[in-house]
Amino acid sequence: MNDAERRIRAYEEMGDHRTGREADNRATLWMMEELRKVGVEADFQTWRFPRVEIHDASIRFGGWDIPAVPTFDSAFTDHNGLTATLRTDNGPGLVLWQFAPDDQERMAAGVYTSFELARADGADAIIMIMGDPEGYPVVRNAERPLDPIELPVLQVAPMDAGPLLDAVGSEITMISDGGRVDAPADNVVGTIPGTDPDTEPVVLMTPKSGWYTCAAERGGGIAIWMEVAGRVAANPGRRTLNLVASSGHELHHLGLDHYIKELGDAAHEVHAWMHLGASIGSRNGQPSYAASDDELFNVATNALNEQGLERRAFPVGNAGFGEARNIGEINGRFASFLGGHPYFHSPQDTYDRCIDPKSLTKHTDAVEQIVRHMLK
């Protein structure tokens, strides 16, 4: 077993990596130790956020008790829930939306406009049926964790949704009983000094949190982050390489927001940022890449071509999605690998099902090539 496989399997085995939960906290200590083993001094950076605590999330009617997951940026009900007519069009009652596994709208930020339109038409709550190709649940990232929408929203797996579809037009009870508590979460940070301390630094960044085991969604980026850090530590560049693995990914990138805020004016002095986003080295993925300017776009393109890797390019200057958006918002220079795969945001995102080891090896070398250019 090579280091990449060992690391991804270890990360997967920790469990569901939701921000500030047990597996996320275990990952913090584990990542720090992995970096120290390759000669990188690492630490944690604590920040606070409104952690969602779920007491009951379910749909009940006629003897059925269907499990669900609330969106983490929506309203809650009380323990009795809401009882109303289930409908598939907008209007008063509980509105049911069904999404195919390849429907991109279910993950897009534009769905918030649909939430508001439904609310304006009198909807009491939204139920979203959405899952992976085998019917297991997938859940949305929360784009508004600090400003939740005013509707309760539940997400139901297709494998559980048959009775619910049959109940359209009937009265059902939807329960999203939960709340928010102030809680801590941690980023992992490290520094590899360059040979010229007077130059602007480079940042290599990857998210470390997500809804489930996230072997391909997060594991590929984490494995590459660790490997490239070790290679640079063994042979430093001219510039200092700063490392950050941020929690809060599924909560509108709150961890990276905190990291940038803590940098203050120094965030604008970073020479370039390399973002290791979702699903790098995954099987049957939808791989993309992005860059802030022509120079970094050409560097990324050449690195991919030399490894025989194909990724769809975003237009130069377009960060696409993921944490590279945060860098674009501060006018930072960036290169980004990003994408999805069939079991994205699903509990079935495991190493054996979702990782392509050869692709992961090639992407590691491509990332090192890009980072080496940034460090010149």
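In this text, all values refer to a predicted model and were calculated from it rather than measured experimentally.

Caption draft 1: Fine view of the overall build of the protein chain. The secondary structure content of the protein chain amounts to ten helices and 14 strands. Taken over the C-alpha trace, the protein chain has a radius of gyration of 21 Å; the compact-globule value for 376 residues is 21 Å, and the two agree within 12%. The proportion of buried residues among the 376 residues of the protein chain is 59%. For the protein chain, restricting intrachain contacts to residue pairs at least 6 apart in sequence, the fraction spanning at least 24 positions comes to 82%. Summed over all atoms, the accessible surface of the protein chain reaches about 14,900 Å², with 47% contributed by carbon and sulfur. Placing the 33 positive and 56 negative side-chain charges of the protein chain at their respective mean positions leaves the two points 4 Å apart.

Caption draft 2: Just the environment of Asp-24, in detail. Relative to the assigned elements, Asp-24 resides in helix 2 (residues 22-37). On the basis of relative accessible area, Asp-24 is assigned to the buried category, the value being 0%. As a C-alpha pair, Asp-24 and Ala-185 span 161 residues in sequence and 8.1 Å in three-dimensional space. Those residues in contact with Asp-24 that sit more than four places away from it in its chain are His-17, Arg-18, Thr-19, Lys-208, Ser-209 and Ser-247.

Caption draft 3: Representation of the packing of helix 5 (residues 219-234) against helix 10 (residues 357-374) in the model. For the pair helix 5 and helix 10, interaxial distance at closest approach is 9 Å and the crossing angle is 50°. By the angle between their directions, the pair helix 5 and helix 10 is classed as oblique. Between helix 5 and helix 10 lies a crossing of right-handed hand. Here helix 5 contributes Gly-220, Ile-224, Glu-227, Val-228, Arg-231 and Val-232 to the contact with helix 10, which in turn contributes Leu-360, His-363, Thr-364, Asp-365, Val-367, Glu-368, Val-371 and Arg-372. Here the residues of the contact of helix 5 with helix 10 are counted per class, giving six nonpolar, three polar and five charged.

Caption draft 4: Structural view of the pairing of strand 11 (residues 272-276). When you tally the buried positions in strand 11, you get five out of five residues, the bulk of the element. Residues Ala-272, Met-274 and Leu-276 of strand 11 are buried on one face, and the alternating residues Trp-273 and His-275, pointing to the opposite face, are buried as well. As paired strands, strand 9 (residues 202-207) and strand 11 are joined by four bridges and run parallel to one another. In the strand pairing of strand 11, Met-205 is matched with His-275. Examined bridge by bridge, strand 11 and strand 14 (residues 334-338) share four bridges and lie parallel to one another. Opposite His-275, over in strand 14, you have Ser-336 as the bridge partner.

Caption draft 5: Spatial organisation of the nonpolar core. By size, the foremost hydrophobic cluster in this structure holds 55 residues, and its most contacted members are Leu-204, Trp-225 and Met-274. Once residues within four sequence positions are removed from consideration, Trp-225 is found in contact with Met-31, Leu-35, Val-188, Leu-204, Met-205, Thr-206, Leu-243, Val-244, Ala-245 and Leu-276. If you look at the next biggest cluster of nonpolar residues, it comprises 19 residues, including Ala-57, Ile-59, Ile-129 and Val-156.

Caption draft 6: View of helix 7 (residues 294-306). The end-to-end C-alpha distance of helix 7 is 18 Å, a good match for the 18 Å that 13 residues give at a rise of 1.5 Å each. Of the positions making up helix 7, those classed as buried are Leu-296, Phe-297, Val-299, Ala-300, Thr-301, Ala-303 and Leu-304. With a side-chain oxygen lying 3.2 Å from the backbone nitrogen of Glu-295, the N-terminal cap of helix 7 falls on Asp-293.

Caption draft 7: Main features of the side chain of Glu-250. Residue placement: Glu-250 occurs in the loop between strand 10 (241-246) and helix 6 (254-263). One buried charge, Glu-250, has no salt-bridge partner; the nearest side chain with opposite charge is Arg-18, at 6.5 Å. Setting aside residues no more than four positions away along its own chain, Glu-250 makes contact with His-17, Arg-18, Thr-19, Asn-141, Ala-142, Ser-209, Gly-210 and Trp-211.

Definitions and limits used
Residues numbered from 1 in each chain as written. Predicted model: local features only at pLDDT ≥ 70, side-chain atom pairs only at ≥ 80, totals over all residues. Heavy atoms only, no water. Helix = DSSP H or I, 4+ residues; strand = E, 2+ residues; numbered from the N terminus. Rg over C-alpha atoms; globule rule 2.2 N^0.38 Å. Buried < 20%, exposed > 50% of the residue type's maximum accessible area, 1.4 Å probe, protein only. Contact = heavy atoms within 4.5 Å. Areas by Shrake-Rupley, 256 points an atom, 1.4 Å probe, with all protein chains shown as cover. Lys, Arg positive; Asp, Glu negative; His and termini not counted. Charge placed at Lys NZ, Arg CZ, Asp CG, Glu CD. Axes fitted to C-alpha atoms, helices over the stretch in contact; angles between N-to-C directions. Parallel < 35°, antiparallel > 145°, perpendicular 65-115°, else oblique. Left-handed = near helix turned anticlockwise from the far one by under 90°. Nonpolar A, V, L, I, M, F, W, Y, C, P; charged D, E, K, R; others polar. Pairing = 2+ DSSP bridges. Core = buried A, V, L, I, M, F, W, Y, C linked by side-chain atoms within 4.5 Å. Expected span 1.5 Å × (residues − 1). Polar contact = N/O pair within 3.5 Å; in protein donor to acceptor, adjacent residues only side chain to side chain. Salt bridge = Lys/Arg side-chain N within 4 Å of Asp/Glu carboxyl O.

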